[in-house]
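# Coordinates in review
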Amino acid sequence: MAVAAVFPALARMLPLSRRHLVSPSLRVTSFRRCYRGDSPTDSQKDMIEIPLPPWRERTDESIETKRARLLYESRKRGMLENCILLSLFAKAHLHHMTEKQLNLYDRLINEPSNDWDIYYWATEAKPAPEIFENEVMALLRDFTKNKNREQRLRAPDLEYLFEKPH
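Residues numbered from 1 in each chain as written. Predicted model: local features only at pLDDT ≥ 70, side-chain atom pairs only at ≥ 80, totals over all residues. Heavy atoms only, no water.

As named in an unreviewed UniProt entry, the protein is Succinate dehydrogenase assembly factor 2, mitochondrial, taken from Balaenoptera musculus. For the protein, the Sequence similarities (unreviewed entry) comment in UniProt is given as "Belongs to the SDHAF2 family." Reading the Subcellular location (unreviewed entry) entry of the UniProt record for the protein gives the comment "Mitochondrion matrix". (UniProt positions renumbered as here; feature names shortened; annotations may be inferred.)

In structure tokens form, the structure reads like this:
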């Protein structure tokens, strides 16, 4: 009862996530969706896992809406490094992606609950789970290598949104 009073949104989400986690219609991924700290020196004895609802592909949106949503979600991340990396990646590649690639990118940036995981996978500091090893991850890793030695200190300005794609 105390959780419901202090965190009403969390209290509404927990029963929902339990129901979805046991649903046989959902595909099981190779990792759990929850927020947790990942400091290598942390004993994690005091760790609290907050379960998150399972990621679901959005099949009811148009490809233009999906591109716009993914562009926004690429710019608004939980950490500055991914804001910069993913927004520049989205600027360079989102308009050329097929619907299949957009779905793979959607899953990549929205299913993992920890933005550091995405960053480590893109920079190849850690191996990505097999479910994310695909053509979009390869494209992101190649982009992350910055072979043209571009200066990437901030997210791109939004003026490019009004330009026609090449």
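### A short note on the confidence of the model for the protein
Across the protein, pLDDT averages 77, with 67% of residues at or above 70. In the predicted structure, residues 13-30 sits below a pLDDT of 50 and forms 17 contacts with residues beyond four places in sequence or in another chain. (pLDDT = per-residue confidence, 0-100. Contact = heavy atoms within 4.5 Å.)

### Observations regarding the nonpolar core
Formed by 23 residues in total, the largest nonpolar core has its most connected members in Leu-94, Met-97, Tyr-105, Leu-108, Trp-121 and Leu-140. Elements with a contribution of two residues or more to this core: helix H3 (63-75), helix H4 (80-93), helix H5 (99-110), helix H6 (115-122) and helix H7 (135-144). Counting residues per element, this core draws most heavily on H4, at 6 residues. (Core = buried A, V, L, I, M, F, W, Y, C linked by side-chain atoms within 4.5 Å. Buried < 20%, exposed > 50% of the residue type's maximum accessible area, 1.4 Å probe, protein only. Helix = DSSP H or I, 4+ residues; strand = E, 2+ residues; numbered from the N terminus.)

### Comments concerning the pattern of salt bridges
This model, assessed by the stated rule, comprises 11 salt bridges. One salt bridge in this structure joins Arg-69 and Glu-73, with 3.0 Å as the shortest N-O distance. One end of the pair, Arg-69, and the other, Glu-73, are both in helix H3, 4 residues apart, so they sit about a helical turn from each other. For the pair formed by Arg-69 and Glu-73, the shared burial category is buried. In this structure, Lys-145 engages Glu-124 in a salt bridge whose closest nitrogen and oxygen atoms are separated by 3.6 Å. Note that Lys-145 is positioned in the segment after H7 and Glu-124 in the loop between H6 and H7, a separation of 21 residues in sequence. Residues joined in a network through salt bridges with shared partners are Glu-61, Lys-66, Arg-69, Glu-73 and Asp-106. (Salt bridge = Lys/Arg side-chain N within 4 Å of Asp/Glu carboxyl O.)

### Focus: the packing of aromatic side chains
Within this structure, the stated rule accounts for 6 aromatic pairs. For the pair Phe-89 and Tyr-105, a centre-to-centre distance of 5.5 Å together with 40° between the ring planes defines the contact as tilted. A residue pair is termed long-range when its members are at least 10 positions apart, and Phe-89 in helix H4 and Tyr-105 in helix H5 qualify at 16 residues. An aromatic cluster is defined as three or more aromatic residues linked by ring pairs; in this entry it consists of Phe-89, Tyr-105 and Phe-143. (Phe/Tyr/Trp six-rings, centres within 6.5 Å; stacked < 30°, edge-to-face > 60°.)

### Points about the environment of Leu-88
Positionally, Leu-88 belongs in helix H4. Among all residues touching Leu-88, those that are not within four sequence positions of it are Phe-143, Arg-152, Arg-154 and Pro-156.

### Thoughts on the packing of H4 against H7
One can describe the packing of H4 onto H7 by two numbers: an axis separation of 11 Å at closest approach and a directional angle of 110°. By the angle between their axes, H4 is roughly perpendicular relative to H7. Between H4 and H7 lies a crossing of right-handed hand. Between H4, through Leu-85, Leu-86, Leu-88, Phe-89, Ala-92 and His-93, and H7, the contact on the second element is made entirely by Val-136, Leu-139, Leu-140, Phe-143 and Thr-144. Split by residue class, the contact of H4 with H7 holds 9 nonpolar, 2 polar and no charged. (Axes fitted to C-alpha atoms, helices over the stretch in contact; angles between N-to-C directions. Parallel < 35°, antiparallel > 145°, perpendicular 65-115°, else oblique. Left-handed = near helix turned anticlockwise from the far one by under 90°. Nonpolar A, V, L, I, M, F, W, Y, C, P; charged D, E, K, R; others polar.)

### Structural notes on H6
In an α-helix, one turn spans 3.6 residues, which is why side chains three or four residues apart end up on the same side. All buried positions along H6 are accounted for by Asp-115, Asp-117, Ile-118, Trp-121 and Ala-122. For H6, the buried positions fall inside an angular range of 155° around the axis, keeping them on one side. Its buried side turned inward, H6 meets H4, H5 and H7. The opening residue of H6 is Asn-114, an N-cap whose side-chain oxygen sits 3.0 Å from the backbone nitrogen of Trp-116. Glu-124 sits one or two residues past H6 and shows a positive phi near 65°. (Arc of directions from axis to C-beta. Polar contact = N/O pair within 3.5 Å; in protein donor to acceptor, adjacent residues only side chain to side chain.)

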